[in-house]
Amino acid sequence: MPGRSSSNSGSTGFISFSGIESALSSLKNFQNCINTGMDTASSVALDLVETQTEVSSEYSMDKAMVEFVMMDRELNHYVKAVQSMINHVKEERPENIPDLKLLVEMKFLALQNKNSDADFQNNEKFVQFKQQLKELKKQSGRPTEDGGRSECGKIKDKEASRAGNERDGLQAEREAEGTEGVDEDMIVTQSQTNFICPITQLEMKKPVKNKVCGHIYEEEAIVRMIESKHRRKKKACCPKIGCSHTDVRMSDLVQEEVLRRAIESHHKKRHRESE
């Protein structure tokens, strides 16, 4: 409970929120742990798809990502609720000390009641994870999930049917999606033109995608280009010929994990063939 300085036990007088604000700052740092967890689960899930590991293991990572998003949402709501309480007391300066815990609980519940499946689409890491998983499954000829379903609904349905025959379930999903196996060699061959960075004109080692226009570059090259432009107080245009995006920013760049894996896979295959 925050301290106060007042001769009247019922008066708010002066309430110091420094302790609460310090605790909030520490709580926000926990989001870094959630982000790290999401990065790890995403990487493991892609590894499982790439190595053709059983679907149940991949599903565990998918479920973990959903839980991370829900945890992140709940944490954000709690931080907002506490901050809202602090702002309310500071602005209103009520004559008597209000029930601060009740104020936080009411605001938190109000925020939680607004939860929806759209929240998953607003989580950048989750959206990126689903896109990369879908792309990698397509490359390996694996079926993809129905994009029209809610994430929580997918998890519940998977849990309900998990006791059934997994192979039959996978075949049913494949038929429903109309997904056919794609020859991996053909995909790699078609994708080789995407291995070249538009800046260096060399094969990429650490590709990043521009979230705005969708073009891909070598990370070191695009970062160097942006920094060079910014030092001269200029905006960095997308280096891809024909692209109209004229303000590429660091915050627009995300790791292109699927392409990186495709390049590595291509290298390994080429090395095996040369032996």
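Everything here concerns the structure above.
It should be emphasised that the depicted structure is a prediction, and the values quoted were computed from it without experimental measurement. (Residues numbered from 1 in each chain as written. Predicted model: local features only at pLDDT ≥ 70, side-chain atom pairs only at ≥ 80, totals over all residues. Heavy atoms only, no water.)

Student: Which parts of the structure should I look at to understand the pairing of strand 3 (residues 207-210)?
Tutor: Here is the key point about a regular strand: its side chains alternate between the two faces of the sheet. Where strand 3 meets strand 4 (residues 216-218), three bridges bridge the pair, whose relative direction is antiparallel. Of the residues in strand 4, the one forming a bridge with Val-208 is Tyr-217. Counted along the chain from strand 3 to the antiparallel partner strand 4, the turn is five residues long, and its residue Gly-214 has a positive phi close to 85°. Where strand 3 and strand 5 (residues 253-255) come together, three bridges link them in antiparallel fashion. Counted as the bridge partner of Asn-210 is Leu-253 from strand 5. (Pairing = 2+ DSSP bridges. Helix = DSSP H or I, 4+ residues; strand = E, 2+ residues; numbered from the N terminus.)

Student: Mind showing me how you'd approach the packing of aromatic side chains here?
Tutor: What characterises a pair of aromatic rings is the spacing of the ring centres plus the angle enclosed by the ring planes. Applying the stated criterion across every chain, the model contains three aromatic pairs. Measuring from centroid to centroid gives 6.2 Å for Tyr-78 and Phe-108, while their planes differ by 75°, and the two rings are edge-to-face. Taken together, the residues Tyr-78 in helix 2 (residues 55-92) and Phe-108 in helix 3 (residues 100-112) connect sequence positions 30 residues apart. Among the residues examined, Tyr-78 registers a relative accessible area of 39% and is labelled partly exposed. When the ring of Phe-126 is compared with that of Phe-129, the centres are 6.3 Å apart and the planes differ by 45°; the resulting orientation is tilted. Linking Phe-126 with Phe-129, this pair stays in helix 5 (residues 124-140), spanning three residues, or about one helical turn. When sorted by exposure, Phe-126 lands in the same class as Phe-129, which is buried. Taken together, Phe-120, Phe-126 and Phe-129 form an aromatic cluster joined through their ring pairs. (Phe/Tyr/Trp six-rings, centres within 6.5 Å; stacked < 30°, edge-to-face > 60°. Buried < 20%, exposed > 50% of the residue type's maximum accessible area, 1.4 Å probe, protein only.)

Student: Got a minute to help me understand helix 9 (residues 219-231) in this structure?
Tutor: Since the α-helix turns once every 3.6 residues, residues separated by three or four places project in the same direction. Between its first and last C-alpha, helix 9 extends 18 Å over 13 residues, near the 18 Å set by a 1.5 Å rise per residue. Here helix 9 has its buried residues at Ala-221, Ile-222, Met-225 and Ile-226. End-on view of helix 9: buried residues confined to an arc of 130°, all on one side of the axis. Exposed and facing more than 90 degrees away from the buried side of helix 9 are Glu-220 and Arg-231. Taken together, the buried residues of helix 9 touch strand 3, strand 4 and strand 5. Two residues or fewer past helix 9, Lys-233 is found with a positive phi of approximately 60°. (Expected span 1.5 Å × (residues − 1). Arc of directions from axis to C-beta. Contact = heavy atoms within 4.5 Å.)

Student: It is not clear to me how the sheet that holds strand 5 should be interpreted in this structure. Could you clarify?
Tutor: Backbone-to-backbone hydrogen bonds pair the strands of a sheet. The strands run either parallel or antiparallel. Read from one edge of the open sheet, three strands run 4-3-5, paired in antiparallel fashion. Strands with a single pairing partner mark the edges of an open sheet, and in this sheet they are strand 4 and strand 5. On average, each strand axis in the sheet is inclined to that of its neighbour by 40°, with strand direction left out of account. Packed on one face of the sheet, helix 9 meets strand 3, strand 4 and strand 5 and runs near 90° to strand 4. (Axes fitted to C-alpha atoms, helices over the stretch in contact; angles between N-to-C directions.)

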